[in-house]
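Descriptive structure summary
The residues making up each chain are set out below.
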Amino acid sequence: MSSEKALGSALSHWLSFNSWWLLLPFIMLLVVAAFIVAFVLLLYMISPLISPKPLKLNGAHVVVTGGSSGIGKCIAMECYKHGAFITLVARDEVVLCISVDVSKDYSQVESVIKQAQEKLGPVDMLVNCAGTSISGKFEEVEVDRFKKMMEVNYLGSVYPTRAVITTMKERRMGRIMFVSSQGGQIGLFGYTAYSPSKFALRGLAEALQMEMKPYNIYVTVAYPPDTDTPGFAEENKNKPLETRLISETSGVCQPEQVAKIAVKDAVQGNFTSSFGPDGYMLSALTCGMSPVTSITEGLQQIVTMGLFRTIALFYLGSFDSIVRRCMIQREQSKAADKRE
Ligand SMILES: NC(=O)C1=CN([C@@H]2O[C@H](COP(=O)(O)OP(=O)(O)OC[C@H]3O[C@@H](n4cnc5c(N)ncnc54)[C@H](OP(=O)(O)O)[C@@H]3O)[C@@H](O)[C@H]2O)C=CC1
Ligand SMILES: CCCCCCCCCCCCCCCC(=O)[C@@H](N)CO
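A few points on the structure. (Residues numbered from 1 in each chain as written. Chains lettered and ligands numbered in written order. Predicted model: local features only at pLDDT ≥ 70, side-chain atom pairs only at ≥ 80, totals over all residues. Heavy atoms only, no water.)

Near ligand 1 you find 30 residues, and of these Ser68, Ser69, Arg91, Thr227 and Thr229 are the closest. Between Gly66 and ligand 1, the recorded distance is 3.1 Å, taken from a backbone N or O atom to an oxygen atom. Note that an oxygen atom of ligand 1 is positioned 2.9 Å from one of the side-chain N or O atoms of Tyr194. The fraction of the free accessible surface of ligand 1 (880 Å²) that becomes covered by protein chains is 90%. Of all the elements in the fold, those that place two or more residues in the shell around ligand 1 are helix H3 (70-81), helix H6 (194-212), strand E7 (226-227) and helix H7 (230-236). Here the element with the most residues in the shell around ligand 1 is H7; it accounts for 3 residues. Broken down by class, the residue content of the shell around ligand 1 amounts to 13 nonpolar, 12 polar and 5 charged. (Near = heavy atom within 4 Å. Polar contact = N/O pair within 3.5 Å; in protein donor to acceptor, adjacent residues only side chain to side chain. Areas by Shrake-Rupley, 256 points an atom, 1.4 Å probe, with all protein chains shown as cover. Helix = DSSP H or I, 4+ residues; strand = E, 2+ residues; numbered from the N terminus. Nonpolar A, V, L, I, M, F, W, Y, C, P; charged D, E, K, R; others polar.)

The next thing to look at is the packing of helix H5 (residues 143-171) against H6. Contact pair H5 / H6: the axes reach a minimum separation of 8 Å and the direction vectors enclose 15°. When the interaxial angle is binned, H5 and H6 end up roughly parallel. H5 and H6 meet at a crossing whose hand is right-handed. Residues Met149, Met150, Asn153, Tyr154, Ser157, Val158, Thr161, Ile165 and Lys169 of H5 touch H6, and the partners they reach there are Tyr194, Pro196, Ser197, Lys198, Ala200, Leu201, Leu204, Leu208 and Met212. Grouping the amino acids of the contact of H5 with H6 by side-chain chemistry returns 12 nonpolar, 4 polar and 2 charged. (Axes fitted to C-alpha atoms, helices over the stretch in contact; angles between N-to-C directions. Parallel < 35°, antiparallel > 145°, perpendicular 65-115°, else oblique. Left-handed = near helix turned anticlockwise from the far one by under 90°. Contact = heavy atoms within 4.5 Å.)

Here we take up the sheet that holds strand E4 (residues 125-128). A sheet is described by the order of its strands in space; here 7 strands give the open sequence E3-E2-E1-E4-E5-E6-E9, paired in parallel fashion. Edge strands, defined here as strands with exactly one partner in the open sheet, are strand E3 (97-99) and strand E9 (272-274). When strand polarity is set aside, the average angle formed by the axes of neighbouring strands in this sheet is 20°. Relative to E9, strand E6 (residues 217-223) runs parallel, the two sharing 3 bridges. The residue bridging Tyr223 from the neighbouring strand is Ser274, located in E9. Against the sheet, H5 contacts strand E1 (61-65), E4, strand E5 (174-179) and E6, and its axis sits at roughly 175° relative to E4. (Pairing = 2+ DSSP bridges.)

Counting 29 residues, the largest nonpolar core has Val164, Met168, Ile176 and Phe178 as the members making the most contacts within it. Contributing elements (two or more residues each) for this core: helix H4 (106-120), H5, E5, H6 and E6. Apart from residues lying up to four places away in sequence, Met168 is in contact with Val123, Asp124, Met125, Leu126, Met173, Gly174, Arg175, Ile176 and Ile217. Within the second largest apolar cluster, 27 residues are counted, among which are Leu57, Cys79, Val127 and Val179. (Core = buried A, V, L, I, M, F, W, Y, C linked by side-chain atoms within 4.5 Å. Buried < 20%, exposed > 50% of the residue type's maximum accessible area, 1.4 Å probe, protein only.)

By themselves, these observations are geometric and do not establish any function.
Below, the structure written as structure tokens:
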């Protein structure tokens, strides 16, 4: 008999005839410990999923940058309908509007917010909607436009946020909305200057949300598709054909629709606000390490991720073929022009 076998039979002999029940308390202890570990793990998983308490818009002070036109205007009207007091910030002067360029000088933005707080009380919700777009092929976009995009779309959201955040922290309440774009979830042909400025808002929002959560301040990023606004009409005047064709995938929304959903999400404290079925898929697909605000949202992301990636591959294939077809068409018409 090998020594291993001998040891085995001695052990089983000892266990079966002697005092195996002596192990019982240890086994029970192990089971209890396992339950405790599982419970703690579950708590950890569930804790970021606890939904925030909704903000009461009635009587709240809402500041909307870019509130003189398009989506911003509709967001302001939506909040007003729910009984909020509104401050509009833009460069044009209309209604109860404070005129300032949000992208130029922080001290100016700060004094404007101070003015608004003196008139209507502390800001409960800030909507960063001031923004603009530039489209064109990378090599055709003027170099200083890249800087301008970051100034208006990114810094123009940093400054007002910076100006309201201290008071919000002191009051341990508040909502900050950033208006990004579906072009801030995927980089698209023609948007080499615009897309990065919208992606940047997501990074800012994630970092800010982690800092602000214990102060009961909730951050929302809205990702609208093309929306029927004066800004969109302006953009369409010289948008590359590729950009137009690719964007058509996700259709055109009405600004009132976008405003309604975005305001609802901000009130609920949802981190992501998306529009339409494509918007829903894009947001689930690009959720990455962004905060979750409900158990359903977390579960939906887990379940749909692989399926949406599969669908996305087809979309990417169709975008590539749009770009290739446009290139071939352009080259053919150039060659035809030369022959004439
Ligand atoms: N329309 C669309 O297809 C989509 C738009 N978006 C985003 O939504 C936001 C609003 O777009 P939309 O409604 O179309 O735009 P509009 O051009 O219709 O309105 C833009 C608003 O921003 C203000 N604004 C622009 N630059 C500045 C600045 N430097 N300082 C202060 N205010 C400024 C404008 O006011 P004034 O000129 O008086 O300063 C105006 O109120 C933008 O951030 C845009 O990128 C996102 C996805 C799709
Ligand atoms: C499962 C995966 C689904 C993928 C769906 C992809 C849809 C892509 C459409 C992108 C549209 C971008 C619009 C940008 C609008 C904008 O910001 C400007 N108009 C601003 O003026």
